[in-house]
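Report on the structure
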Amino acid sequence: MIQFSPENILLIGSILIFTAILISRAGFKFGIPVLLLFIVVGMTFGVDGLGLEFNNFHIAQFIGTIALCVILYCGGLETKFDTIKPVLKEGIVLSTVGVFLTALFTGGFIYLLTRIGHLSEGMSIVMCFLLAAAMSSTDSASVFNILRNARMKLKENLQPVLELESGSNDPMAYVITVVLIQCARQLFEPSSEIVIDYPRMIGNALLTFIMQLGIGTIMGVGLGRAFSWGLGKLSLNGASLYAILVLSIGFFIYSITGLVNGNGFLAIYLAGVIIGNKPMACKREVLRFSDTVTWLMQMGMFLTLGLLVNPKEMLSVAPVALLIGVFMTFIGRPLAVFISLLPFRRLSFKAKAFVSWVGLKGATPIIFAIFTVVAGIPGSEQIFNIVFFITLVSMLIQGMSIPAVAKRLNLALPQEKTPETFGIEIPEEAGKLMDHRLTDSDLAAGDTLKEISLPDGARVVMIKRDGELIVPDGSVRLKVGDKLLMIMGNQFDESE
């Protein structure tokens, strides 16, 4: 078997990343979730594949936690408050009540399976709900990746609903998982002479739940506002320093929130939303850097998880995992979604059905399952293998079918044309870039910029003709086929 060592870790890591990036091209071409391919690459190189031995759950938990921090934080930075504001209530309800109900319904079904002998001994009622809690959230990395790579545009404002839910529901699932791990540790205490104080255990669990969400919210909002104010006042030499500083702020917020017993995942997501919606220097470069780091974290996390799993052990739980996965996909998640969205009648039945289907699993449930293994709870290896199998099936079936289901439910809209910007970038607050190819009718009144008709508030930034760029001025003679790059902004109206 291949062993990790200081001498070969960089070589192995580079080969894994190189292979994952190359194979991702097949994912884009055939509609296969790219993150699923990353896991498959890890499994191919793993102990049952090419023989790369990696079984350290503590390291996997560390890598997964760091990656999840970056994914949630950067997802928050890129979330536009104007976009999510109209669907804020729906997103919050789905990410809290929806997650809780999904765990409740699925945990009850798993408990039923233990009673009829489909699960091995050791799966107490707490362990049943712990398994369900680990899978109760929608994975943000998978949803962001699929929706954006598919370039989907959805009716009924569904895209911001789905992105807000997937970006904000991990904290709720994490809190439920942590609370149930705390309960399981007390129940599986080695000393059989200890009498368990159930009222106290439940009270401690509720206290942990309230503190995690309450402190996480306060720290995320408070520190997010403080740092966004500071970034607005700060002046640094170079965009790279801003990007690194913004990322380090996220790690600081996560860590300090954890030290005061709050939910760090919730805090960094909220802080990311607040910071990302405030003006800051070099914002475009910061977001581009965050996108790059997010891809690196996703790749590293999914490759690590692929290396960690033992396919033979995972296949041994395949039948029961498939039963749980089918229940969650077709009964548990839809019930939770429809109950959660009962007050929101503006969403149609088809829209709610689509939200139910996009309950995509990814790395987050696997990381939460790793927490149970690291905690040393009996039966946690079985939880890990079940969660891993369900995640693979979810990414394969649900992930690949999301665009088709949207079209089937008549929720997909035609994509807006992405303008060709000729490599030119402008600050977001300056306006919006758009392009236009000139026709005979455009030049009917004349062939200069002053004579052609432009949209209100538009100014030509650049002209592209036969692959060459021309700086616009009043003397340039325009031709049919010229492509104009224009900037749209209200400030132009005010100046005229």
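None of these values were measured; they are calculated from a predicted model.

Take the overall build of the chain next. For the chain, the count of helices and strands is 19 helices and four strands. Per-residue burial for the chain yields a buried fraction of 50% across its 496 residues. A separation of at least 24 residues holds for 80% of the contacts in the chain among residues at least 6 apart in sequence. About 23700 Å² of surface is accessible on the chain, with carbon and sulfur atoms providing 64% of the total.

Okay, the sheet that holds strand 1 (residues 432-437) next. Across the sheet, which stays open at both edges, the four strands sit in the order 1-4-2-3 with antiparallel pairing between neighbours. Edge positions in the open sheet fall to strand 1 and strand 3 (468-470), since each of these has one partner strand only. Ignoring strand direction, the axes of neighbouring strands in this sheet form an average angle of 30 degrees. Both strand 2 (residues 458-465) and strand 4 (residues 483-488) contribute to a ladder of six bridges, which runs antiparallel. Each bridged residue has a counterpart across the sheet, and for arginine 459 the counterpart in strand 4 is isoleucine 487.

As a further point, take the confidence of the model for the chain. The share of residues in the chain with pLDDT of 70 or more is 87%, and the mean pLDDT across the chain is 83. Taken as a whole, residues 491-496 scores under 50 in pLDDT and shows seven contacts with residues more than four places along the chain or in a different chain.

The next thing to look at is the packing of helix 5 (residues 88-115) against helix 8 (residues 158-168). Remark: helix 5 packs on helix 8, axes separated minimally by 8 Å, with the N-to-C direction vectors making an angle of 40 degrees. Classified by the angle between their axes, helix 5 and helix 8 sit oblique to one another. Classified by chirality, the crossing of helix 8 by helix 5 is right-handed. Where helix 5 approaches helix 8, its residues Leu88, Gly91, Leu94 and Ser95 are matched on the opposing element by Val161, Leu164, Glu165 and Ser168. Looking at the contact of helix 5 with helix 8 residue by residue, the classes come out as four nonpolar, three polar and one charged.

With that out of the way, let us pick up the pattern of salt bridges. By the definition in use, this model includes three salt bridges. In this structure, arginine 346 engages glutamate 90 in a salt bridge whose closest nitrogen and oxygen atoms are separated by 2.5 Å. Taken together, the positions of arginine 346 in the loop between helix 15 (318-340) and helix 16 (349-357) and glutamate 90 in helix 5 put the pair 256 residues apart, joining distant regions of the chain. Assessed through its relative accessible area of 59%, arginine 346 is described here as exposed. Linking arginine 333 and glutamate 165 is a salt bridge whose minimum nitrogen-to-oxygen distance equals 2.7 Å. Of the two residues, arginine 333 sits in helix 15 while glutamate 165 sits in helix 8, which places them 168 residues apart along the sequence. Here arginine 333 matches glutamate 165 in class, with each residue buried.

On to the pairing of strand 4, then. A large share of strand 4 lies buried, amounting to five of its six residues. As paired elements, strand 1 and strand 4 share six bridges and run antiparallel to each other. Across the sheet, the residue bridging to leucine 433 is isoleucine 487, located in strand 4.

What follows deals with the side chain of aspartate 170. Relative to the assigned elements, aspartate 170 resides in helix 9 (residues 170-187). We note that aspartate 170 is buried and unpaired, the nearest opposite charge coming from lysine 361 at a distance of 8.7 Å. Within the local environment of aspartate 170, its side chain forms a polar contact with the side chain of serine 137, the two groups lying 3.2 Å apart. Leave out the neighbours within four places in its chain, and aspartate 170 touches Leu68, Leu72, Ser137, Thr138, Ser140, Thr364 and Phe368.

Parameters at a glance
- Residues numbered from 1 in each chain as written.
- Predicted model: local features only at pLDDT ≥ 70, side-chain atom pairs only at ≥ 80, totals over all residues.
- Heavy atoms only, no water.
- Helix = DSSP H or I, 4+ residues; strand = E, 2+ residues; numbered from the N terminus.
- Buried < 20%, exposed > 50% of the residue type's maximum accessible area, 1.4 Å probe, protein only.
- Contact = heavy atoms within 4.5 Å.
- Areas by Shrake-Rupley, 256 points an atom, 1.4 Å probe, with all protein chains shown as cover.
- Pairing = 2+ DSSP bridges.
- Axes fitted to C-alpha atoms, helices over the stretch in contact; angles between N-to-C directions.
- pLDDT = per-residue confidence, 0-100.
- Parallel < 35°, antiparallel > 145°, perpendicular 65-115°, else oblique.
- Left-handed = near helix turned anticlockwise from the far one by under 90°.
- Nonpolar A, V, L, I, M, F, W, Y, C, P; charged D, E, K, R; others polar.
- Salt bridge = Lys/Arg side-chain N within 4 Å of Asp/Glu carboxyl O.
- Lys, Arg positive; Asp, Glu negative; His and termini not counted.
- Polar contact = N/O pair within 3.5 Å; in protein donor to acceptor, adjacent residues only side chain to side chain.

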